[in-house]
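Chains, contacts and geometry: an overview
Each chain, letter by letter, is given below.
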Amino acid sequence: MYLLKDSNLQIEVLDPLTDRDKFGIRYCTGGYIYQISDEQHGELLSGPTYPDSFNWFDGQGIPDAFNWAPLRAPAQDDSEVLIIGVGVCDLINKQVKAFCDWRVETKEQQLIFTTEQKFADYALQLVRTLYLKGRTLRSHTIITNQGKAFVPMSWFPHPFFPQPQASAELCQFNIPVQLKADNPGYELAANGFIQRKVQPNQAGFYLPLDHQAQQPLSILQRHDQLGLIGATCSYVPSYLPIWGNQHTFSWEPFFQTIVASAYSTSWWIDYHF
């Protein structure tokens, strides 16, 4: 495991090689934030089964996912696909057949994870960088298309925050959102925060939010230890679901695009603790 730390925070980041037992076909293996700790307040992140157990599908901390858009060869079934940031995977049996190889560079308050992946007509370079500055952690990603085929990609962060107990309020966005009135888990409070209707169980409640965002997303999140924490995205989300069970609550702002041959795309999200 890698560490980023200063006088404010300690960031635990999984090692793509030595922590391989914690990975599966779902989450990116480079730059996987496993836990963030504060000297005064302790561990700040959670997970669907945290603190009781861990499994690769549920995860914990702040993983990132490209698995919604696996890259397929022509006439190939789901027994062999490329998942960006993970490797060649068997979706039928939910197994990684060949993990991608990462080069890891450590700098002052930075971790840089770089990998090249090739599959059928696809070839790409993925660079994931984590920067720690004070109480802000930036997760920055660059994809460069090095092959002939267009690379369709769908990425989202999946931060797992402890389910608030001091209040039913969960989060507030800087963009107008609408919730389906008949959803069982969530409602809008008068102050604009999304709040729980009821306490969730292990299965939790998943809800895509309706929105017409025209600007990059910013988020306020209730946190029992810190009161309020925040996040700022460099992008306008194309899809914005929320989910939570009795242990954790998460929002998942998607960044989706198609990268043409010889072109790059980049984006970032800041977490403010």
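Now for a quick tour of the structure.

The rules behind each value
- Residues numbered from 1 in each chain as written.
- Predicted model: local features only at pLDDT ≥ 70, side-chain atom pairs only at ≥ 80, totals over all residues.
- Heavy atoms only, no water.
- Buried < 20%, exposed > 50% of the residue type's maximum accessible area, 1.4 Å probe, protein only.
- Helix = DSSP H or I, 4+ residues; strand = E, 2+ residues; numbered from the N terminus.
- Pairing = 2+ DSSP bridges.
- Axes fitted to C-alpha atoms, helices over the stretch in contact; angles between N-to-C directions.
- Lys, Arg positive; Asp, Glu negative; His and termini not counted.
- Salt bridge = Lys/Arg side-chain N within 4 Å of Asp/Glu carboxyl O.
- Contact = heavy atoms within 4.5 Å.
- Core = buried A, V, L, I, M, F, W, Y, C linked by side-chain atoms within 4.5 Å.
- Polar contact = N/O pair within 3.5 Å; in protein donor to acceptor, adjacent residues only side chain to side chain.

Looking at the pairing of strand E13 (residues 151–157)
Among the seven residues in E13, six count as buried, and that is most of the element. Sheet topology places strand E5 (residues 64–65) next to E13; two bridges connect them, and they run antiparallel. Residue pairing across strands places alanine 65 opposite phenylalanine 156, the latter belonging to E13.

Some details on the sheet that holds strand E26 (residues 264–272)
Taken in spatial order, the ten strands line up as E9-E10-E11-E12-E26-E22-E21-E15-E18-E17 in an open sheet, and their pairing is antiparallel. Of all the strands in the sheet, the pair left with one neighbour each is strand E9 (103–107) and strand E17 (186–188). Strand-to-strand twist of the sheet, defined as the mean angle between neighbouring strand axes without regard to direction, takes the value 20°. As paired elements, strand E12 (residues 136–145) and E26 share nine bridges and run antiparallel to each other. Among the inter-strand pairings, arginine 138 is bridged to a residue of E26, identified as aspartate 270.

What to know about the side chain of glutamate 12
Here glutamate 12 is to be found in strand E2 (residues 9–13). Here glutamate 12 sits buried without a salt bridge, and the closest side chain of opposite charge, lysine 22, lies 8.8 Å off (N-O distance). Leave out the neighbours within four places in its chain, and glutamate 12 touches Met1, Tyr2, Leu3, Tyr32, Ile33, Tyr34, Gln35 and Ser37.

Considerations on the sheet that holds strand E4 (residues 42–43)
Spatially, four strands are ordered E1-E2-E3-E4 in an open sheet, and the strand pairing comes out antiparallel. Each edge of the sheet is formed by a strand with only one pairing partner; in this case those strands are strand E1 (2–5) and E4. The pairing of E2 with strand E3 (residues 33–38) spans five bridges and is antiparallel. Looking at E3, one finds that isoleucine 11 is bridged to isoleucine 36.

Comments concerning the nonpolar core
Core analysis: the largest hydrophobic core is formed by 61 residues, its most contacted members being Ile36, Phe173 and Trp251. Ranked by the residues each element gives to this core, the list is headed by strand E11 (residues 122–133), at five residues. Among residues more than four places away in sequence, those in contact with phenylalanine 173 are Ile194, Leu209, Leu217, Ser218, Ile219, Leu240, Ile242 and Trp251. Core analysis: the next-biggest nonpolar cluster, separate from the first, contains ten residues, Phe23, Tyr32, Phe156 and Trp243 among them.

Thoughts on the side chain of threonine 141
Positionally, threonine 141 belongs in strand E12. Given a relative accessible area of 0%, threonine 141 falls into the buried group. Side chain to side chain, threonine 141 and arginine 128 meet in a polar contact 3.0 Å long. Not counting residues within four places of it along the chain, the set of residues in contact with threonine 141 comprises Phe66, Leu126, Val127, Arg128, Thr265, Ser266 and Trp267.

Some details on the pairing of strand E21 (residues 218–223)
Only one face of E21 is covered, namely the face carrying Ile219, Gln221 and His223; the face carrying Ser218, Leu220 and Arg222 is uncovered. By the bridge criterion, three bridges tie strand E15 (residues 169–173) to E21 in an arrangement that is antiparallel. Bridge pairing in E21 links phenylalanine 173 to isoleucine 219. Inspection of the sheet shows E21 paired to strand E22 (residues 227–233) by six bridges, in the antiparallel sense. Among the inter-strand pairings, isoleucine 219 is bridged to a residue of E22, identified as alanine 231. What sits between the antiparallel neighbours E21 and E22 is a turn of three residues.

A look at the environment of asparagine 145
Here asparagine 145 lies in strand E12. You can call asparagine 145 buried: its relative accessible area is 1%. In the structure, asparagine 145 is positioned 119 residues away from serine 264 in sequence and 6.3 Å away in space, judged by C-alpha atoms. For asparagine 145, the side chain forms a polar contact with the main-chain oxygen of alanine 149, separated by 2.9 Å. For asparagine 145, the side chain forms a polar contact with the main-chain oxygen of valine 259, separated by 2.9 Å.

Here's the deal with the environment of leucine 137
When you line up the elements, leucine 137 lands in strand E12. By relative accessible area, which is 0% here, leucine 137 ends up buried. With 136 residues separating them in the primary sequence, leucine 137 and phenylalanine 273 have C-alpha atoms 8.2 Å apart. When neighbours within four sequence positions are excluded, leucine 137 is seen to be in contact with Leu4, Ile11, Ile33, Ile36, Leu130, Tyr131, Leu132, Ile269, Asp270 and Tyr271.

Re unusual backbone geometry
With an omega of 5°, the peptide bond running from tyrosine 50 to proline 51 counts as cis. Position of proline 51 relative to the elements: it lies in the loop between E4 and E5. You will see that glutamine 109, though not glycine, has its phi angle at about 60°, which is positive. Relative to the assigned elements, glutamine 109 resides in the loop between E9 and strand E10 (110–119). The exposure class of glutamine 109 is partly exposed, given its relative accessible area of 23%.

Worth remembering: the numbers are spatial, not functional.
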